[in-house]
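Report on the structure
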Amino acid sequence: MHNRKFALKRGRPIFILIGTILALLVASLPLVVPATANLYQWNLINSQEYKEEHGYWETVELPEEFRINAIHAAMLPTGKVLLVAGSGNDRESFDAYHNDGQIKVLKTVVFDPKTNAVKAVETPSDLFCSGHTFLQDGNLLIAGGTSGYELLEGEVTKPAGVITLHNENPDDKTRTFKQGTKFTSETGKVYVSTREAVLEPAHKMEISEGNAVVHHSSTKVFVEAIEASDSYNAPADLKYKVEGVSEKDANNIYGQGGKMTLEKQDFRGDNKSYEFDPTLEKYVQVGDMKEDRWYPTLPVMTNGDVLAVSGLDGAGVITETTERYDPVTKKWSWGPNQEFPTYPALFRTHDPDILFFSGSSAGYGPQDKGREPGFWNVKTDNFWAVYGLRDPDITETSASVVLPPAKGSNDGRQSSRIMIAGGGGIGESEAVTSRTDIIDLSDPNPIYKPGPDLIEASRYVSLTVLPTDDIFASGGTKDYRSKGNSYNYKTSMIDPTTYQSKRMADEPVGRGYHSGSLLLPDGRVLTFGNDPLYKDENNTKQGVFEQRIGIYSPPYLFKETTRPVLQGEDSTHAKRGDTLSYRTSVMTTAKYARLIPPSSSTHVTNIEQRSIGVVVSQKDGKVNVQLPTDQNVLTNGWYMLYVVDSYGVPSEAKMVKIVN
Ligand code: CU
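Another point: the overall build of the chain. The number of helices and strands found in the chain is four helices and 49 strands. Based on the C-alpha atoms only, the size of the chain along its principal axes is roughly 85 × 65 × 55 Å. In the chain, which comprises 660 residues, the proportion classed as buried is 58%. Intrachain contacts of the chain at a sequence separation of at least 6 include 64% that bridge at least 24 residues. Entry remark: accessible area of the chain is about 27100 Å², with carbon and sulfur atoms responsible for 49%. Side-chain charges of the chain comprise 69 positive and 84 negative groups, with the mean position of each set lying 6 Å from the other.

Here is the structure:
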């Protein structure tokens, strides 16, 4: 049943917000003509017939002070879109923040796709290449980010490396060692930390009466030599004295060095985590992660806990540690160890303890470890591979998505199928594929089987689930980070029920590395980002980050029929098994309905998208929507409810929050 008491409570802050929007700047919609377009094409793509068949693109240019290198995006349950850059893959911004404490160079904006209004939000730390996911209460959990930028061989001037700090004293206190803390080696060489480190006391565990074992605690910190001299190169396993630790404590609290070298440095992760409150439009700091993570994935378990998986740690090394966030205590605790490449595409399954790894990842990790798709039981830490995936070595920067129920079905049956699409070889490989493969997790022995090919072989394809049970494929480039201007401007609509795929309107803007897409509540699709290595075809000029936003209106928005309308409360709270009831227009024939969670996307990775079948019926000018009862199907949290009519036109979504 639809709960009015909660709905009213929820509604109020949204109305208060409207007042503040007046102060915001509004973006313009310039008419962007694709480079290749001639007047004939221009007229064609703007014609009603063409739009009705292929849809239509708009390109939004935000006012200059709000243009950011959007690497992360989230569809907030308020209807606005959070765009996050942090330092935005811009070393100057990172240095200004990291060395000079200039927090203003870190960027976040909130964009309203209804009005194109935009507002800046203070970013608390460098969230560039963090992980994010919606918690079941509607806050966006963001964890990790950047504590160090990559330095190539030859760019490193001061020998540097990792020191592991140990504390063997269980009766000590938690100690914080500020950025710049000095570490002195046995040979008298001094190094300084590049960031703050927090060291807990050792843990004492009573094993029987009067018998205890002490587990020392440790944390890692990246350090660099105080001078640019290779006399500071040092072997691993030297012991280091730590500034601020007294002679008396030094036996228990000390550093143990890794190699200090002038070798290439990888990007390094951060351990900060925040909840972004969509109503207050503010970051609220929560517990630090145990590990630093750059490029982690954050799957939400059925009970609402979140795992943080993979990422490069504070030393720039891929980690096999995982940890679990408890949204009640807002703290992290260690999970099972399991190695995946960075940003692994991990999906919830019908078993609350089992996640499915589709094979998609985005960025880093060894070639021969953790790349096989399969099931991972996070309770027992068992992993078992699945077979059949074609081009199994071409999965980096591919996209994966949970497919919607059978097209147009109104029987409440769900889909357990997952599709993987496109991808490239590992790193700067030229290998690229147009393969899509589909696996049905509800089969007794699930294996990947061929799906419909993409129009072009590409990496960095974005897949967006539409309310009409189609998958919209956009973006992508043929080569690594769009080298040779290898953009695939072509887009397509894939029907995963019939395996038909149809070419749609070309996107006027190329989207590759650091891009993504989101379904908007009004049925349009937002695309963002693109971070090319080079600007020109010959790979000679440095690339420029694409700051314009794309908005795609699918063909269903151009049908010359009356769009179905759901009238009544928005932001309703409901329970599994409830029937939601909305008034509707006389013209509306509701054929089926879908619940699609507002989701977040980065690096063409969006593991939150799914489309849930509900049973819809119509009586006395009302549309009734019967919600599923199974918590493994319909987890708590926000959903966008779309009703689709017999012409295949979806309504604008009503926001519904599923609660216990
Ligand atoms: Cu990145």
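Once you've had a look at it, read on.
Our next topic: the pattern of salt bridges. Under the definition given, this model contains 34 salt bridges. Through salt bridges with shared partners, a single ionic network connects Asp172, Arg175, Lys248 and Asp249.

A complete count under the given rule lists 27 aromatic pairs for this structure. Measuring from ring centre to ring centre gives 5.1 Å for Phe276 and Tyr283, while their planes differ by 75 degrees; the resulting arrangement is edge-to-face. On the basis of relative accessibility, which here comes to 0%, the residue Phe276 falls in the buried class. Looking at Tyr283, the relative accessible area reads 10%, which means it is buried. One aromatic cluster in this structure is built from Phe94, Phe128, Tyr149, Phe267, Trp294, Tyr295, Tyr343 and Tyr364. In this structure, Lys51 packs its charged tip against the face of Tyr56, placed 4.4 Å from the ring centre. Residue placement shows Lys239 over the ring face of Tyr254; its charged tip is 4.6 Å from the ring centre.

Checked against the element boundaries, His72 lands in strand β3 (residues 72–75). We classify His72 as buried; its relative accessible area is 2%. A distance of 2.9 Å separates the side chain of His72 from the backbone nitrogen of Cys129, its partner in a polar contact. If sequence neighbours within four positions are ignored, His72 has contacts with Leu82, Leu83, Val84, Leu127, Phe128, Cys129, Ser130, His132, Tyr343, Phe528, Ser601 and Thr602.

Attention now goes to the pairing of strand β12 (residues 182–185). Of the two faces of β12, the one holding Phe183 and Ser185 is buried and the one holding Lys182 and Thr184 is not buried anywhere. Pairing geometry for β12 and strand β13 (residues 190–193), over three bridges, is antiparallel. Counterpart to Thr184 in the pairing with β13 is Val190. Where β12 folds back onto β13 in an antiparallel hairpin, the turn is made up of four residues, including Gly188, whose phi is positive at roughly 85 degrees. Summarising the sheet, β12 and strand β18 (residues 239–242) pair through three bridges and their orientation is antiparallel. Among the inter-strand pairings, Phe183 is bridged to a residue of β18, identified as Val242.

Now for a negative patch on the surface. A surface patch of like charges, here negative, comprises Asp90, Glu92, Asp95 and Asp100. Mapped onto the elements, Asp95 comes out in helix α4 (residues 91–98). Residue classification places Asp95 among the partly exposed residues on the basis of a relative accessible area of 31%.

Here the focus is the sheet that holds strand β40 (residues 549–553). Strands in a sheet are paired, the pairing made by backbone hydrogen bonds, and the direction either parallel or antiparallel. Here we have four strands laid out as an open sheet, ordered β2-β40-β39-β38, and antiparallel in their pairing. In this open sheet, the two strands that pair with only one neighbour each are β2 (56–60) and β38 (515–519). Strand after strand, the sheet turns through a mean of 20 degrees between neighbouring axes, direction not considered. In this structure, β2 lies alongside β40, joined through five bridges in antiparallel fashion. Residue pairing for β40: Trp57 is matched across the bridge by Tyr552.

So, on to the coordination of the copper ion. Bound to the copper ion on the protein side are Cys129 (SG), Tyr295 (OH), His514 (NE2) and His603 (NE2), at distances that span 2.0 to 2.5 Å. Site description for the copper ion: donor spacing in sequence, C-x165-Y-x218-H-x88-H. Highlighted residues: His514 in the loop between β37 (500–504) and β38 and His603 in the loop between β45 (600–602) and β46 (612–619), separated in sequence by 89 residues. Taking the relative accessible area as the measure of exposure, His514 reaches 1% and is therefore buried.

Within the largest apolar cluster, 30 residues are counted, with the highest numbers of intra-cluster contacts made by Met419, Leu463, Ile471, Phe472 and Tyr552. Mapped by element, the contributors of at least two residues to this core are β30 (399–402), β31 (417–421), β34 (462–465), β35 (471–474), β36 (491–495) and β48 (637–645).

Structurally, the position occupied by Ala225 is in strand β17 (residues 217–225). A residue is classified by how much of its surface remains accessible, and Ala225, at 1% relative accessible area, is buried. The spacing of Ala225 and Lys173 is 52 residues in sequence and 28 Å in space, taken between C-alpha atoms. If near-sequence neighbours (up to four positions away) are discounted, Ala225 is found in contact with Lys158, Pro159, Val190, Tyr191 and Tyr232.

To continue, consider the side chain of Thr477. Mapped onto the elements of the fold, Thr477 is located in the loop between β35 and β36. There is a polar contact of 2.7 Å between the side chain of Thr477 and the backbone oxygen of Asp479.

Spatial strand order, β26-β27-β28-β29: four strands in an open sheet with antiparallel pairing. In this open sheet, the two edge strands, each paired with only one partner strand, are β26 (346–348) and β29 (382–385). Taken over all neighbouring pairs, the strand axes of this sheet differ in orientation by 25 degrees on average, direction set aside. Both strand β27 (residues 354–357) and strand β28 (residues 374–377) contribute to a ladder of four bridges, which runs antiparallel. Residue pairing across strands places Phe357 opposite Gly374, the latter belonging to β28.

This brings us to the confidence of the model for the chain. Overall, the predicted model of the chain reaches an average pLDDT of 93, with 95% of residues at or above 70. Ignoring residues within four places in sequence, the model shows residues 1–23, a span with pLDDT below 50, making 28 contacts including any to other chains.

Conventions adopted
- Residues numbered from 1 in each chain as written.
- Predicted model: local features only at pLDDT ≥ 70, side-chain atom pairs only at ≥ 80, totals over all residues.
- Heavy atoms only, no water.
- Helix = DSSP H or I, 4+ residues; strand = E, 2+ residues; numbered from the N terminus.
- Buried < 20%, exposed > 50% of the residue type's maximum accessible area, 1.4 Å probe, protein only.
- Contact = heavy atoms within 4.5 Å.
- Areas by Shrake-Rupley, 256 points an atom, 1.4 Å probe, with all protein chains shown as cover.
- Lys, Arg positive; Asp, Glu negative; His and termini not counted.
- Charge placed at Lys NZ, Arg CZ, Asp CG, Glu CD.
- Salt bridge = Lys/Arg side-chain N within 4 Å of Asp/Glu carboxyl O.
- Phe/Tyr/Trp six-rings, centres within 6.5 Å; stacked < 30°, edge-to-face > 60°.
- Lys NZ or Arg CZ within 6 Å of the ring centre and 35° of its normal.
- Polar contact = N/O pair within 3.5 Å; in protein donor to acceptor, adjacent residues only side chain to side chain.
- Pairing = 2+ DSSP bridges.
- Patch = residues over 30% accessible without salt bridge, like charges linked within 9 Å, V, L, I, M, F, W, Y side chains within 5 Å.
- Axes fitted to C-alpha atoms, helices over the stretch in contact; angles between N-to-C directions.
- Donors = N, O, S within 2.8 Å, 3.2 Å for Na, K, Ca; no water.
- Core = buried A, V, L, I, M, F, W, Y, C linked by side-chain atoms within 4.5 Å.
- pLDDT = per-residue confidence, 0-100.

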